[in-house]
Amino acid sequence: MTALNEPLMLRHGAPLPNRIAKAAMEELLAAPGQVPGDRLIALYRRWAAGGAGLLITGHVMIDGRAVAQPGDVVLERDTPLEPFRRWAAAGRSAGGRIWMQINHPGRVIPKDLADITWGPSAVPIDAGGFSRMYPTPRPMTAREIAGTVERFAVTARRAQQAGFDGVQIHAAHGYLLSQFLSPLVNRREDRWGGSLHRRARFLLDVVGAVRERVGTGFAVGVKLNSADFQRGGFDTDDAREVIEMLDDAGVDLVELSGGSIESLATAGSPADGRTLAREAYFLELAEQLVATSPVPLLLTGGIRRRAVAERVIGSGVAVAGLATALAIDPALPERWLAGGEAQARPPRTRIRNKALAAAAVQAATSRRLAHLAAGRSGRAPCPTALALLVERLIRARRRRAYETWRAAR
């Protein structure tokens, strides 16, 4: 028995049976109709058997008009629930918990998918050569903000009805709620802009609406940047204050991550020049937050060895989150919980451009997820550069399917 084996009691909802979580990854495996299909369900059954106490799904879109990628799952008021019931059952099949991550991408919607591109302000994405892929967002109106709050609440309630144990509200990585938190992106002068308390209002309204809709027997988590890794952006002091606000709002678990499309901190390339460790990228920042956090924290980012996971728990963080490592070895938690020393080696690339290299590694990870979802084992099916090309071709097919679905609604 190690600290990783200890259960975690939550304020609301079922306890977690151990301290290892599968963190969200964008699986890009939506079936026709933007719902979970056989491949996604098989993947989660495999992860459930791998021993993690908590599985957090890849982000599920709350609005079918606004998806980050055409392979994303969508859950709205009128979406059929049966595929989601099967997904939840797969995630719970080995005794662990499964939470649905719910999200709105805001301005992070590629031009070829853009129907509505919203943000707090008309601030375009600054991602170097990738910037032209994204349209300049339109500032949201008060009515659109209220409507989006309601969509989050509806999706959370439907996740509960489908059998999920909780939801995680995505307020990190430069998506919509994170955009409102950022002083670089949020330049509003109304009740949603200016001071941190005003910039956090949208997130707190979402949390409040979700908690009201799902009641007290259901877990509600939030994914939050420990820092945006951009000079003048959302920082660790901001995160500390927001965590205190989230405690007052009844949140059960806050996952700490960092970065965005403009600052690839999760790929080890923060825009503020900070040096990140090769493993547990955000542990240094998390250790600054643990001492004052009234909410249990989950830390994700580069954890690939049991010793690192134990160091994370030893620092006071409640849960160690694994993402890419579980794409490499879905049984890693089971081995660690049994005292094994197994580790997962992430995809490597020789591409020198940092943004392109990050995209290539992500593509290789996506190919690996598809490989696992098909029931295969062994090495990833292709190297990173080839994976990037393959994913672009597959994305074109997914985009056509998404457009057909949109046109039929």
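Calculation criteria
- Residues numbered from 1 in each chain as written.
- Predicted model: local features only at pLDDT ≥ 70, side-chain atom pairs only at ≥ 80, totals over all residues.
- Heavy atoms only, no water.
- Helix = DSSP H or I, 4+ residues; strand = E, 2+ residues; numbered from the N terminus.
- Contact = heavy atoms within 4.5 Å.
- Buried < 20%, exposed > 50% of the residue type's maximum accessible area, 1.4 Å probe, protein only.
- Pairing = 2+ DSSP bridges.
- Right-handed = clockwise from strand over helix to strand, strands pointing away.
- pLDDT = per-residue confidence, 0-100.
- Phe/Tyr/Trp six-rings, centres within 6.5 Å; stacked < 30°, edge-to-face > 60°.
- Lys NZ or Arg CZ within 6 Å of the ring centre and 35° of its normal.
- Axes fitted to C-alpha atoms, helices over the stretch in contact; angles between N-to-C directions.
- Left-handed = near helix turned anticlockwise from the far one by under 90°.
- Nonpolar A, V, L, I, M, F, W, Y, C, P; charged D, E, K, R; others polar.
- Expected span 1.5 Å × (residues − 1).
- Arc of directions from axis to C-beta.

**Q** What should I look at first to understand the environment of Val185 in this one?
**A** Among the structural elements, Val185 can be located in the loop between helix H4 (176-181) and helix H5 (196-199). For the pair formed by Val185 and Val123, sequence separation is 62 residues and the distance between their alpha carbons is 5.9 Å. Residues within four places of Val185 in sequence aside, it is in contact with Arg107, Pro120, Ser121, Val123 and Gln179.

**Q** Explain the pairing of strand E13 (residues 319-322) here, please?
**A** In regular strands, side chains alternate between the two faces of the sheet. Residues of E13 alternate between two faces, with Val319 and Gly321 on one and Ala320 and Leu322 on the opposite face, all of them buried. Examined bridge by bridge, strand E12 (residues 297-300) and E13 share three bridges and lie parallel to one another. Paired with Leu298 across the strands is Val319, a residue of E13. Running through helix H9 (residues 306-314), the crossover from E12 to the neighbouring parallel element E13 is right-handed.

**Q** Just to check I follow, could you spell out the confidence of the model for the protein for this structure?
**A** Predicted coordinates in regions of low pLDDT should not be interpreted in detail. Overall, the predicted model of the protein reaches an average pLDDT of 91, with 94% of residues at or above 70. Considering only residues more than four positions removed or in separate chains, one finds that residues 265-278, a stretch of pLDDT under 50, has 36 contacts.

**Q** Please clarify how the packing of aromatic side chains should be interpreted in this entry.
**A** We describe a pair of aromatic rings using the distance from one ring centre to the other and the angle between the two ring planes. A complete count under the given rule lists six aromatic pairs for this structure. Note on Phe84 and Trp87: the rings are 6.2 Å apart at their centroids and 50 degrees apart in plane angle, and the pair reads as tilted. Of this pair, Phe84 and Trp87 both sit in helix H2 (residues 82-91), three residues apart, which is roughly one turn of that helix. Assessed through its relative accessible area of 0%, Phe84 is described here as buried. The structure contains a cluster of three or more aromatic residues connected by ring pairs, namely Tyr44, Trp47, Phe84, Trp87 and Phe164. Seen from the ring of Trp192, Arg191 lies directly overhead, with NZ or CZ sitting 4.9 Å from the centre.

**Q** What is the right way to look at the packing of helix H3 (residues 142-162) against helix H6 (residues 201-214) in this model?
**A** How two helices sit against one another is set out by the angle between their axes and by the gap between those axes. The N-to-C vectors of H3 and H6 enclose an angle of 35 degrees; their axes lie 8 Å apart at closest approach. Helix-helix and strand crossings are classified by hand; for H3 and H6 the assignment is right-handed. Contacts from Ile145, Thr148, Val149, Glu150, Phe152, Ala153, Val154, Ala156, Arg157 and Gln160 of H3 reach H6 at Phe202, Asp205, Val206, Ala209, Val210, Arg213 and Val214. A per-class count over the contact of H3 with H6 returns 11 nonpolar, two polar and four charged.

**Q** Whenever I open this one, H6 confuses me. Can you help?
**A** Each full turn of the α-helix corresponds to 3.6 residues, which orients residues three or four apart in the same direction. Its 14 residues give H6 an end-to-end C-alpha distance of 20 Å, which sits within 8% of 20 Å, the value for a rise of 1.5 Å per residue. Listed as buried for H6 are Phe202, Leu203, Val206, Val207, Ala209, Val210, Arg211 and Val214. Buried residues along H6 sit against H3, strand E9 (166-171), H4, H5, strand E10 (219-227) and helix H7 (236-248). Within two residues after H6, Gly215 carries a phi angle of roughly 80 degrees, on the positive side.

**Q** Would you explain H9 in this entry?
**A** Those residues of H9 that fall on the buried side of the exposure criterion are Arg306, Val308, Ala309, Val312 and Ile313. Down the axis of H9, the buried set is contained in an arc of 165 degrees. They therefore lie on one face. Residues of H9 that are exposed and angled more than 90 degrees away from the buried face: Arg311 and Gly314. Looking at the buried positions of H9, the neighbouring elements they touch are helix H8 (283-290), E12, E13 and helix H11 (332-337). Positive backbone phi, at 110 degrees, marks Gly316, one or two positions downstream of H9.

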